[in-house]
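Close look at the chain arrangement
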Amino acid sequence: MWESAAVNTSQANEVNLEHVLSGKIPATVIHNFYDEKYCQTIANRVENHSQDNFQNGKLRHIGPFLMSYVTSKKKYFEDAKQSQRTFERIFCGIKNPIIHIYNSIGKMFPDYSISLAHEFKKDYSSAIIRIHEKGKSIPVHKDNVKYEGKEYALSNIDHQLSCVLHLQESESGGNLVMYNKQWKKEDERFRNIDFGYSSRLTESSESCKISKFKAGDLVIMNPRYYHKVTKIAGNTPRITLGMFLGFHRKERKIVAWA
């Protein structure tokens, strides 16, 4: 059985993310990672903040997403700089969840340094906040900067992980489904025009459904495996904060971006 692992925040230092990196397990969930009252504060501020659209207006978000800028590198770094000021306002007066994630990952990899990725003295975006409303879903897709981000220095990393902090959950729906199938170049024939891939690509693959998330839960997954988020069925939007981690084995360093 290909199943995710789950621990409470008090056990976070015992998490072995090498099992996620290798694909032995699809993901690890750290429950109660971030204080629920801080989650509520951020969710309230996000709802009252201006937001951008992704996937032709189907999804809303705050902060740039690198894979939307594969041919607009200059614009990406400009928007990344602006997003830093935005996040400072959203996290003002509370524990910064981005720094909290860095510190926790650093304890799991004590021999590695961890920092925000930069290129030519320009910082990458530190995170993206996604707002998924009723009826919205995310189709089957993968995240692989080594293939999709060849114009960026990040494409030389050895491994990639995804961190998703749940800030607000809908009453139902919004489950994460991961498939025990890694991307191969020939899979591109199944790619959708706007985003993601046809469900035919994974219909015969072993899958793992991760559900019943609560505000404050952190999910750490291997995004090179195909995954999707099921349709939001409740009236309350699902709000998450996401980032990627890139591993440089030889230099023993981890870089973060969104």
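Here, every reference points to the structure presented above.
What counts, and where the lines are drawn
The written sequence of each chain sets the order in which its residues are numbered from 1. The predicted origin of the model limits local features to residues at a pLDDT of at least 70 and limits the giving and counting of side-chain atom pairs to 80 or more, whereas totals for whole chains, interfaces and linings rest on all residues. The side-chain figures draw on all heavy atoms in the structure; neither hydrogens nor water molecules are used. Numbering of helices and strands starts at the N terminus; helices are DSSP runs of H or I of at least 4 residues and strands are runs of E of at least 2. This radius of gyration counts C-alpha atoms alone. The globule rule is 2.2 Å times how many residues there are, raised to the power 0.38. The classification of residues rests on relative accessible area computed with a 1.4 Å probe and restricted to protein chains. Under 20% of the type maximum is buried, over 50% is exposed, and intermediate values are partly exposed. Should any heavy atoms of two residues lie within 4.5 Å, those residues are counted as being in contact. Surface exposure here means Shrake-Rupley accessible area, sampled with a 1.4 Å probe, where a residue is shielded only by the protein chains that are shown. Each helix should span, by expectation, one fewer than its residue count multiplied by 1.5 Å. Strands were regarded as paired on the criterion that DSSP finds at least two bridges between them. Note on definitions: angles span 0 to 180 degrees between N-to-C directions of axes, and those axes are lines fitted to C-alpha atoms, for helices only across the stretch in contact. The definition of a polar contact used here is a pair of N or O atoms within 3.5 Å, where within protein one atom must be able to donate a hydrogen and the other to accept one, and adjacent residues in sequence count solely through side-chain atom pairs.

1. Some points on the overall build of the chain
- Check the secondary structure of the chain and you find 5 helices and 16 strands.
- Computed over its C-alpha atoms, the radius of gyration of the chain comes to 17 Å, within 12% of the 18 Å expected for a compact globule of 258 residues.
- Taking the principal axes of the C-alpha coordinates as reference, the chain spans close to 50 × 45 × 40 Å.
- Here the chain holds 258 residues, and 53% of them are scored as buried.
- The long-range share in the chain, meaning contacts at least 24 apart out of those at least 6 apart in sequence, stands at 80%.
- About 12,400 Å² of surface is accessible on the chain, with carbon and sulfur atoms providing 46% of the total.

2. Remarks on the environment of Gln84
- For Gln84, the location among the structural elements is in helix H3 (residues 73-90).
- Assessed through its relative accessible area of 25%, Gln84 is described here as partly exposed.
- Beyond its immediate stretch of four places on either side in the chain, Gln84 contacts Leu116 and Ser126.

3. Focus on H3
- For H3, with 18 residues, the first-to-last C-alpha span of 25 Å sits near the 26 Å given by 1.5 Å per residue.
- Every buried residue belonging to H3 is among Tyr76, Phe77, Ala80, Ser83, Thr86, Phe87 and Ile90, and all of these are buried.

4. Concerning the sheet that holds strand E11 (residues 176-182)
- Across the sheet, 4 strands lie side by side as E9-E14-E11-E12; this open sheet has antiparallel pairing. Both outer strands of the open sheet, strand E9 (138-141) and strand E12 (207-210), are each paired with one neighbouring strand and no more. Adjacent strand axes in the sheet meet at a mean angle of 15°, parallel and antiparallel pairs treated alike.
- In terms of strand pairing, E11 meets E12 through 4 bridges, oriented antiparallel. Directly across from Met178, in E12, lies its bridge partner Cys208.

5. Re the side chain of Gln168
- The topology assignment puts Gln168 in strand E10 (residues 159-168).
- Judged by its relative accessible area of 13%, Gln168 is buried.
- For Gln168, the side chain forms a polar contact with the main-chain oxygen of Pro237, separated by 2.9 Å.

Without other data, these values stay purely geometric and don't point to any function.
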